[in-house]
Amino acid sequence: VPSFRSRCSSMKSIALSLLLLSFAPDALTVDPVHSFVNFRVSHLGASFAYGRFDKIEGKVSYDAKAPEGSSVELEIAADTVNTANEGRDKHLKSPDFFSVKEFPKITFKSTKVKKVDDKHLDVTGDLTLHGVTKPVTAKVLVVGSVTDPQFGKRTGFESTFTVKRSDYGMKFMTDKLGDEVQVSISIECTPAK
């Protein structure tokens, strides 16, 4: 029969484990149906051209109480670039731009998360595009977290940031098409299975 002391020790271990679990970050999976990657780039300095990527996936570890312990990994299929024009999309997939056969994935992996306030984070990480990896810091809005009777628990994040495509070796016609690209990402996440 276990001694009183050993039973107390076991109970303490169980209580500590439950306490640690209650503070563990939420392990989330990006819902590709309700997540979006859009971009905007100057066209001849006269207007903006818009596009999107149709496939994004990834995982998020999010701790609302201690966001500094959070992390995010995203993967975008480069060949899903979509500007609603077949000819332009074909050109964007070519070596002049994304060169999707050589570089099929665009990835982001966080290295640091800083809490700004209860709704905003600064997320720094490595963006790999066109075979080049560079650090990027994105200002992220924590949109919200809800538990819906039909769709279950959902947590959403959104960010808009700017990258220079020439920094990633995409220098084709930067004088006419614009070098700076504004990227908007909105992701909705579900609990990881």
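A short tour of the structure in this document, coming up. (Residues numbered from 1 in each chain as written. Predicted model: local features only at pLDDT ≥ 70, side-chain atom pairs only at ≥ 80, totals over all residues. Heavy atoms only, no water.)

**Concerning the overall build of the protein chain**
Line of reasoning, step 1. When helices and strands are counted, the protein chain shows three helices and eleven strands.
Line of reasoning, step 2. In sequence order, the secondary structure elements of the protein chain are arranged as α-β-β-β-β-β-β-α-β-β-β-β-α-β.
Line of reasoning, step 3. Looking at the protein chain alone, contacts between residues at least 24 apart form 53% of all its contacts between residues at least 6 apart.
Line of reasoning, step 4. Counting every atom, the protein chain has about 12,100 Å² of accessible surface; 57% of that belongs to carbon and sulfur. (Helix = DSSP H or I, 4+ residues; strand = E, 2+ residues; numbered from the N terminus. Contact = heavy atoms within 4.5 Å. Areas by Shrake-Rupley, 256 points an atom, 1.4 Å probe, with all protein chains shown as cover.)

**Considerations on the environment of G144**
Line of reasoning, step 1. By the secondary structure assignment, G144 is in strand β9 (residues 132-148).
Line of reasoning, step 2. Given the relative accessible area of 26%, G144 is considered partly exposed.
Line of reasoning, step 3. When the C-alpha atoms of G144 and R154 are compared, they prove to be 8.1 Å apart, with ten residues separating the residues in sequence.
Line of reasoning, step 4. Once residues within four sequence positions are removed from consideration, G144 is found in contact with K119, R154, T155 and G156. (Buried < 20%, exposed > 50% of the residue type's maximum accessible area, 1.4 Å probe, protein only.)

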